[in-house]
Every structure is written in C-alpha cells, then in structure tokens.
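Structural characterization, general
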Amino acid sequence: MTVYTMVYLITEVFYIYILNLYFSSVFEERRTNAWALAATYLGFLLIADGEYLILNDFRLNALLNILFMFAITLHYESTMIKRMLTVLLLYIIMAMIESVIVALTGPMAEISRAEYQEVLGPVFIKFALYIVVLLLRNFKNIRKNMIFPKTLLLSIFLIPCSSVYLIFSMIVNNFNHFDKVQLVICISAILLINVVAFYLYDTIVRYYNERMETELVKQEKLYYLKQFEYLKDNVEEVKAFRHDLRNHLGVLYAMVDTQPEEAKKYITEMNGSMTAGNLYARTGNIIIDSIVNTKLAKAKENNVEIITNFTVPSEVAVESSDLVAVLGNMLDNALNASLKLKEGRKIEVQIRFERGMLRIDISNAFDGNLKYENNHLVTTARRKDGHGYGIRNIENAVRKYRGCYEVSCSESIFCASAIMYVA
C-alpha cells in the first residue's frame, strides 16, 4: 500500500467527522438514535473506501457521496427540500475546494517530481473543508446568540491552519527521511489534535452558555421570591386596613357634615397609606412586575426618584429568561449609573405593549461618563468580574424577537430603549 493510499484512508475518517459537524449544525433535531447515525457513517466509510481500493472510479465515488450524504439527512427532522439543498450546498463547497486545491498544487508536479505532492492533495482538501464547516457552524452559533470568548473563536481557526502548514513542511522538507509508518502516524496525530481541540472548544462554549442560562434562572427565581414577599406585605397591609376600616368610617361620618375639608384630607391620607407599598408595577405580568419591583425597591432605598408608566397585558409572548436579560440588565445599568451621583438621582421606566410590539424605555440621570470599545458601549465599573455581558445579553435577547436595542444621551440623562416584536 502506497503512502498516498494510507493518507487518503486516514483523511476519509476525518472527512466523516467533518460531515457530522456539518449536518449536526444545519439540522436542529435528530429523529433517530446515535447508534443508527453512527452505523450510517460507518457504512459510508466502509463502502466509499472499498470502492476506492477496488474500483477507484471518481464518478461512482461522487454518486456514493451524494447518496450517503442524503441518507445522513434522513436521521434528522427536516423537509425534503431542505435535505436536498443541504446536500447540494455541501457538494458544491467540496467541488469548489477540490478545484482550488488542484489548481494550487498542480504546478508542484512541474517543479518537483517527488511523491509528496500527491500526499498533500487529500490533506489540503479535507482541511479546507474543515475550516469552511467551522465557519458555517460558528456563524450559526452567532445567529443563535451563543456567547463565547473571541480569543477562543480565533484559536479554533488557527489550529487547522497551523496543522496544514505543519503537514506541508513535514512532507516537503522531510519526505525522504520518513518511513511510511512515521508519516501516517504524524498525520493521524495532527488530525486527532484538531478533533480534540474542537471538542474542547465546543465544551467550553456550552459551559459559557449554560453558566449564563443558570445565572438568568437564578435571577428569575430571586425576582419571583421578592415579588411574593412584596405581595405578602401588601396583603398584610390590606388586612390591617380592613380591620381598622370601621373606625375610619366612623371618623369620616362625624367629619363629613361639619368638617368636609378635613374629611377630604383624611381620605387622601388613607389612600396614601394604601398605595405606599413596594409594588411599583401592578401589570399582572408576574415576571415584569417582579423584576421592576425588585430593582426599583433597591433604587428607592438609595433615594432615587422613580417615575413609572406601564401599559402591559398579563400575558406577553416573551420568554421569562429573555425578559430577565433585557429588563433586568437595563434596570441594573440605570441604577448603577444613578448611584454614582450624590444628588439628582432619577430613573424613569416606561413599558408599553401595542400591536404586537413590546417597548421598554428607561432613562436615568448619570454623570456623563461613558466608555466605548470598538464603537460599542461597555461597562465603566471598576470591577469587571460579573460585568461585560449585560449589554450583550440585552442585544442577543432582543435580536431573537427581530427587535433592537438603542441608547442615546444628553449631558445628564441617559436613555435606553429595547423593542421586541412578538406574536
């Protein structure tokens, strides 16, 4: 068996891994178990390699590729049109890559008569396809609002590019010094490093997003608990008021004829005692009420003037975690900015829902100090732990609802608006 044949068979295993990355990123939900999918991939590998070793007909190989790729799509929930387009797109990408690689490596045969230019072909083709699939996969992750460090994203592309350079240098400079086994082991090790690197990358991305989701769930539970406490306190106030209602009515009855102005004043005081609780929002939407009441209670404790205006139904088709991300972070930003002021602290909150659009407008007094990085507003907090994802979480959440997040400011007032379109 020649070196080229051994390298080709190894890269075919890597090709199966690339196909799995591609199809698992295109299709959301699998309809069969993992064993059935693995059996299809194994059958694909055995039949394709068998055809190459026995017949080596490129037309038959192309047909087998198309048939097996379509068979793989049958393991996922999808429409027939999407299955066909997915296979067609991948095959076009493969054809383009192979044409470019052949065009680039072809002149090598004229420069050198060594065998290494044949070995480089399948390696370059598979790595080029691998990089394209990584780009497609990460583009989809970005569209799905997944969060991951930029340095991690950069490293996952540097690894395959560096691997191509290493293999190229190793074969070109040391081809005559390697025996077949050493060469195959080295190439296999480099391919394995890429698989492990992407697995670690995928694991870290999932960890980041699971941590963010866990934090949102924790915040949501805290808001619900606080809202329950506020409701409990208000129920106790109502019970106490009802207990003294007979006495209040007696006083009013005595005052209404002889002291009408004093009676009006007394009624005003009674009304104030009933509305002086901690419930700034009473929309009936439990998650909006709990977030607003929790955040504004803290603002009130810090002598922040509060102005509110709510026109929201009890049911809005926005996931609670997204409301936590948007409304919670917007209120946090407004409160943090207000607390930097020694006087003139003020927050105004308006939440409206009309014609399928949820709009959240929050304005606050601030010290005029804003920080931008790459034309993007970032936190000015001295401590960075726990910060930095707030604004990004807002933008990611509103994007899910085809909305937008905008900010504007004057010398002393900062305004933030979030719009989400819901059914």
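Keep in mind the model is a prediction, meaning the values are calculated, not measured.

With that settled, consider the nonpolar core. Ranked by size, the top nonpolar core spans 53 residues in total, and within it Leu19, Phe23, Leu129 and Tyr130 carry the most contacts. Secondary structure elements with two or more residues in this core: α1 (3-26), α2 (34-54), α3 (58-73), α4 (80-105), α6 (116-143), α7 (150-174) and α8 (180-258). The element best represented in this core is α1, accounting for 13 residues. Every residue in contact with Leu129, bar those within four places of it in the chain, is listed here: Tyr15, Ile18, Leu90, Ile93, Met94 and Ile97. Ranked by size, the runner-up nonpolar core spans 41 residues in total, among them Val316, Leu331, Ala334 and Ile347.

Judged from the nine bridges that link them, strand β3 (residues 357-365) and strand β7 (residues 413-421) form a sheet pairing that is antiparallel. What sits directly across from Ile360, in β7, is Ala418. Pairing of strand β6 (residues 404-409) with β7 involves six bridges; the strand directions are antiparallel. Following the sheet pairing, Ser408 is matched in β7 by Cys415. Remark: three residues form the turn of the hairpin made by β6 and β7, two consecutive strands paired antiparallel.

Glancing now at helix α12 (residues 390-400). Owing to its 3.6 residues per turn, the α-helix aligns residues three or four sequence positions apart on the same side. Extensive coverage of α12 is indicated by the burial of eight of its 11 residues. Of the residues making up α12, those classed as buried are Gly390, Ile391, Asn393, Ile394, Glu395, Asn396, Ala397 and Val398. Backbone geometry just downstream of α12 places Arg402 in the positive-phi region, at approximately 55°.

The next point concerns the environment of Glu315. Considering the arrangement of structural elements, one finds Glu315 in the loop between β1 (305-311) and α11 (320-339). In this structure the C-alpha to C-alpha distance between Glu315 and Asn285, which are 30 residues apart in sequence, comes to 6.1 Å.

Attention now goes to the environment of Asn20. Among the structural elements, Asn20 can be located in helix α1. Judged by relative accessible area, which is 27%, Asn20 ranks as partly exposed. Expressed as a C-alpha distance, the spacing of Asn20 and Leu37, which sit 17 residues apart in the sequence, is 9.4 Å. For Asn20, the residues in contact, after removing those within four places along its chain, are Leu37, Tyr41 and Tyr76.

Taken in spatial order, the five strands make up an open sheet running β1-β2-β3-β7-β6, and their pairing is mixed. Among the strands making up the open sheet, the edge pair consists of β1 and β6. Within this sheet the neighbouring strands show an average axis-to-axis angle of 10°, counted without direction. Relative to the sheet, α11 contacts β2 (346-354), β3, β6 and β7, its axis offset from that of β3 by approximately 15°.

What counts, and where the lines are drawn
- Residues numbered from 1 in each chain as written.
- Predicted model: local features only at pLDDT ≥ 70, side-chain atom pairs only at ≥ 80, totals over all residues.
- Heavy atoms only, no water.
- Core = buried A, V, L, I, M, F, W, Y, C linked by side-chain atoms within 4.5 Å.
- Buried < 20%, exposed > 50% of the residue type's maximum accessible area, 1.4 Å probe, protein only.
- Helix = DSSP H or I, 4+ residues; strand = E, 2+ residues; numbered from the N terminus.
- Contact = heavy atoms within 4.5 Å.
- Pairing = 2+ DSSP bridges.
- Axes fitted to C-alpha atoms, helices over the stretch in contact; angles between N-to-C directions.

As far as function goes, none of this settles anything; it's purely spatial.
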